[in-house]
Amino acid sequence: MNGFILVNKQKDVSSNFIVQEIKKKIKAKKVGHMGTLDPLASGLLVLAIDRATKFSSYFLESEKSYDVEVSLGISTDTDDSTGKIISESNDCPDEALIMKELYRFKGQSLQVPPFFSALKHKGKPLYYYARKGEFILKPARKIKVTDIEDFKYKNKICSFRIQCSKGTYIRSIARDLGERLGCGAHMKSLTRISQGKFCISKSKEISHVSKDDIISIERAFEDLESITMTSEDEKKFINGVTIPELKQKDNIYRVFSKENTFIGIGEIKDSFLNHKQLV
């Protein structure tokens, strides 16, 4: 029961709804998602089950990729198709200019988060204030867009696949693209395709998910090299004692007992091993 489940979330349901349904379905004590999807969005939702929730932070920082549709000529207060229209324009540029401005988002940049987001202000999410007509402007945050590909344009809708860092708001990219083009824009649809090593092709719709679909913690980290402990060092590792004079290079490792039981994740730095997270 300790591991990860990949759910293909459908539109118009919340990430929290998926969490609660999976928790009931497999009778888990703890279930948490590793990066929310708005109700409008669909696609890959990675869930951590029971003790795997302690390992979530290793995946929260990973890059994500999305298939996106942006509607040009209409701006909304939420920066997506669920919001109220705040401006309209028929003066949309040609395909070449749209693609040129879109590809300018590649690399590192500063992005202003949407007014309707879960970022906190005085302990409450921004959408709490925005729904009351109070729009809180948060400082721009550093993001990175690694790649943009598969660009298409038809009937004022541009679609593309984007790979980006944690904390990137695709709604903000749609909004900013519309501003750069001078015609306004909003995000029409969003589908998460991947998160780190996890991919939508390995996911299932919630009605088809079972305990058999749990990816063990050990398997989730199978791309990491491993270290096998002696009985003495195993006790030290579990109790948080630093283990010196290791010859492996500085990195994150899977750690196993002498009997080949997976213990947890450790980090070697300057030839010293410290535990990062125990199973």
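You'll find the structure just up there.
Residues numbered from 1 in each chain as written. Predicted model: local features only at pLDDT ≥ 70, side-chain atom pairs only at ≥ 80, totals over all residues. Heavy atoms only, no water.

Draft legend 1. How the structure looks around the pairing of strand β12 (residues 185-195). Where burial is concerned, most of β12 is hidden: nine out of the 11 residues are buried. Bridging between strand β3 (residues 42-49) and β12 involves two bridges; their strand directions are parallel. Among the inter-strand pairings, glycine 43 is bridged to a residue of β12, identified as arginine 192. Two elements, strand β4 (residues 64-72) and β12, share nine bridges in a ladder whose sense is antiparallel. From the neighbouring strand, glutamate 69 faces β12, where its bridge partner is serine 189. Two strands pair when backbone bridges link them, and β12 and strand β13 (residues 198-199) are joined in this way by two bridges, in the antiparallel orientation. Residue pairing in the sheet places glutamine 195 in a bridge with phenylalanine 198 of β13. The loop that links β12 with its antiparallel partner β13 comprises two residues; one of these, glycine 196, has a positive phi angle of about 60°. (Buried < 20%, exposed > 50% of the residue type's maximum accessible area, 1.4 Å probe, protein only. Helix = DSSP H or I, 4+ residues; strand = E, 2+ residues; numbered from the N terminus. Pairing = 2+ DSSP bridges.)

Draft legend 2. How the structure looks around the packing of helix α3 (residues 95-103) against helix α5 (residues 170-181). The geometry of α3 relative to α5 is characterised by a closest axis approach of 10 Å and an angle of 130° between their N-to-C directions. In terms of axis orientation, α3 runs oblique to α5. Both α3 and α5 take part in a crossing whose hand is right-handed. Note on element contacts: α5 touches α3 through Leu177, Arg180 and Leu181, opposite Leu97, Ile98, Glu101 and Leu102. Grouping the constituent residues of the contact of α3 with α5 by class yields five nonpolar, no polar and two charged. (Axes fitted to C-alpha atoms, helices over the stretch in contact; angles between N-to-C directions. Parallel < 35°, antiparallel > 145°, perpendicular 65-115°, else oblique. Left-handed = near helix turned anticlockwise from the far one by under 90°. Contact = heavy atoms within 4.5 Å. Nonpolar A, V, L, I, M, F, W, Y, C, P; charged D, E, K, R; others polar.)

Draft legend 3. Fine view of the pattern of salt bridges. Throughout the structure, instances matching the rule amount to 11 salt bridges. Between arginine 171 and aspartate 38 there is a salt bridge, with its nearest N and O atoms 3.5 Å apart. Separated by 133 residues along the polypeptide, arginine 171 in helix α5 and aspartate 38 in the loop between β2 (31-33) and β3 bring together distant segments of the chain. Judged by its relative accessible area of 6%, arginine 171 is buried. For arginine 175, the salt bridge is made with aspartate 79, and the minimal N-O distance between the two is 3.6 Å. Residue arginine 175 is located in helix α5, and its partner aspartate 79 is located in the loop between β5 (74-76) and β6 (85-88); the two are separated by 96 residues in the primary sequence. By the burial criterion, arginine 175 is buried, and aspartate 79 matches it. Here the salt bridges do not stand alone but share partners, grouping Asp79, Arg175 and Asp176 into one network. (Salt bridge = Lys/Arg side-chain N within 4 Å of Asp/Glu carboxyl O.)

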